[in-house]
Amino acid sequence: MKLIAPFLLLPFFGAFAQPATDIYLFKIDLEEGILSESVNITNRQQGYDNQPHFSPDGKRLYFTREVGGQTDIYFYDLEDKKVRNFAETAESEYSPTVMPSGDAISVIQVEKDSTQRLWSLPMDGDAPKLLLEDVKPVGYHAWADENMVGMFVLGAPNTFQVADMSTGQSKIVTTSIGRSIHSKDGLIYFLHKENGDQPNTWWIKTYNPQNEELKQVIRPLNDTEDYCSTRSGQLLMGDGENLYIEKNGEWNLFSKVEIGGISGFNRIAISPDETLIAVVVSY
């Protein structure tokens, strides 16, 4: 099975081994600017556990796990503190995201011919369902609402596309974007690499599918791509060692991320109640 190499700038096709990663949970206090009590919830060290996504009710942390060259969707139960498999399929899945309806998880599935498209995995265990037949290869995605989904689509150049599920049609909003796509209050956040590999020209922007308005939010930290949003709309972003928070259009140091002798983290996700933050570390 050909897999996506998630630490490259693009979702790259190729038979490469996934890097060893684990997911750590921290308690976070946004008011006081404190991170505390880190716990390695995957704790495999030689395995691949990545792409954390909290459920809207805050009871689960979904993620992608590779076992024996196959990736499936797992979750960490935040109440009993155990890791469980969510779904096993014949294909590999990435980027688990609870859909706005709450009855399924949307994923990027790598099909038998290596096509990458957007699928859903129902919560009740029913068969996976293809969501968008003609949009491919999809790398990452985020839902603005039940009908509108924003996607990173690999191409020459790669594009930011938004699809209307009621029609199945998608359109290109812009080109040259990064891998991090998020949503909040009907807006889709994305990283626009306006001049390719020159980070000082990058912007985190929002797109409103209702009126097609694009807005600049803030320039990312150096050449960093991964960020997440708080309830109030503030952004959190790391530089591999420190966590920063966006205030009034500027990055402010939030806390140093200290994990027992391990340095370097990338993807981050914050829980709905803003008491926990998940970070992905590599070995």
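Whatever comes next refers back to the structure up there.
Below you will find a few notes about this structure. (Residues numbered from 1 in each chain as written. Predicted model: local features only at pLDDT ≥ 70, side-chain atom pairs only at ≥ 80, totals over all residues. Heavy atoms only, no water.)

Some details on the overall build of the protein
Okay, so step 1: Secondary structure assignment for the protein yields zero helices and 26 strands.
Okay, so step 2: Rg of the C-alpha trace for the protein: 18 Å, near the compact-globule value of 19 Å for 283 residues, within the 12% margin.
Okay, so step 3: Considering only C-alpha atoms, the protein reaches an extent of 45 × 40 × 35 Å along its principal axes.
Okay, so step 4: The proportion of buried residues among the 283 residues of the protein is 55%.
Okay, so step 5: Carbon and sulfur atoms provide 44% of the accessible area of the protein, an area that totals close to 12800 Å².
Okay, so step 6: Put simply, the protein has 24 plus and 40 minus side-chain charges, and the middle of one group is 2 Å from the middle of the other. (Helix = DSSP H or I, 4+ residues; strand = E, 2+ residues; numbered from the N terminus. Rg over C-alpha atoms; globule rule 2.2 N^0.38 Å. Buried < 20%, exposed > 50% of the residue type's maximum accessible area, 1.4 Å probe, protein only. Areas by Shrake-Rupley, 256 points an atom, 1.4 Å probe, with all protein chains shown as cover. Lys, Arg positive; Asp, Glu negative; His and termini not counted. Charge placed at Lys NZ, Arg CZ, Asp CG, Glu CD.)

Some points on the sheet that holds strand β5 (residues 48-54)
Strand pairing in a sheet relies on backbone hydrogen bonds. The paired strands run either parallel or antiparallel.
Okay, so step 1: The four strands are arranged β5-β6-β7-β8 in an open sheet whose pairing can be described as antiparallel. Taken across any chain shown, the strands that pair with only one partner, and hence form the sheet edges, are β5 and β8 (82-87). Going across the sheet, the axis of each strand differs from the next one's by a mean of 35°, ignoring polarity.
Okay, so step 2: As paired strands, β5 and strand β6 (residues 60-67) are joined by five bridges and run antiparallel to one another. (Pairing = 2+ DSSP bridges. Axes fitted to C-alpha atoms, helices over the stretch in contact; angles between N-to-C directions.)

Focus on the environment of Phe-254
Okay, so step 1: Among the secondary structure elements, Phe-254 is positioned in strand β24 (residues 250-256).
Okay, so step 2: You can call Phe-254 buried: its relative accessible area is 9%.
Okay, so step 3: Placed 29 residues apart in sequence, Phe-254 and Glu-225 show a C-alpha to C-alpha distance of 18 Å.
Okay, so step 4: The residues touching Phe-254, leaving out its near neighbours within four places in the chain, are Ile-28, Asp-29, Leu-30, Gly-33, Ile-34, Leu-35, Leu-243, Tyr-244 and Ile-245. (Contact = heavy atoms within 4.5 Å.)

Overview of the environment of Leu-131
Okay, so step 1: By the element assignment, Leu-131 lies in the loop between β12 (129-130) and β13 (138-143).
Okay, so step 2: Leu-131 sits 24 residues away from Val-107 along the chain, and the two C-alpha atoms are 9.8 Å apart.
Okay, so step 3: Non-local contacts of Leu-131, meaning those with residues more than four positions away in its chain, are made with Met-99, Ser-106, Leu-118, Trp-119, Ser-120, Trp-143 and Met-165.

A word on the side chain of Gln-51
Okay, so step 1: Among the secondary structure elements, Gln-51 is positioned in strand β5.
Okay, so step 2: Given a relative accessible area of 8%, Gln-51 falls into the buried group.
Okay, so step 3: Among the polar contacts listed, one links the side chain of Gln-51 to the backbone nitrogen of Ser-95, at a separation of 2.7 Å.
Okay, so step 4: When sequence neighbours within four positions are dropped, the list of residues in contact with Gln-51 reads Tyr-62, Phe-63, Thr-64, Tyr-94, Ser-95, Pro-96, Tyr-140, Arg-267 and Val-280. (Polar contact = N/O pair within 3.5 Å; in protein donor to acceptor, adjacent residues only side chain to side chain.)

Notes on unusual backbone geometry
Glycine aside, the phi torsion of most residues is negative, and most peptide linkages are trans.
Okay, so step 1: A cis geometry characterises the amide bond from Lys-136 onward to Pro-137, with omega recorded as -10°.
Okay, so step 2: With respect to the helices and strands, the residue Pro-137 is situated in the loop between β12 and β13.
Okay, so step 3: Pro-157 follows Ala-156 through a cis peptide bond whose omega is 10°.
Okay, so step 4: By secondary structure assignment, the location of Pro-157 is in the loop between β14 (148-153) and β15 (159-164).
Okay, so step 5: Phi is positive for Glu-37, which is not a glycine, with a value near 55°.
Okay, so step 6: Relative to the helices and strands, Glu-37 is located in strand β4 (residues 34-40).
Okay, so step 7: Assessed through its relative accessible area of 55%, Glu-37 is described here as exposed.
Okay, so step 8: Phi angles above zero are rare outside glycine, and Lys-81 is one such case at about 60°.
Okay, so step 9: With respect to the element layout, Lys-81 can be found in the loop between β7 (70-77) and β8.
Okay, so step 10: By relative accessible area, Lys-81 is classed as exposed at 57%.

Things to note about the pairing of strand β16 (residues 169-175)
Okay, so step 1: Strand direction decides the pairing type here: β15 and β16, joined by six bridges, are antiparallel. Along β16, the bridge assignment pairs Phe-160 with Thr-174.
Okay, so step 2: Connecting the antiparallel pair β15 and β16 is a turn made up of four residues, with Gly-168 showing a positive phi of about 80°.

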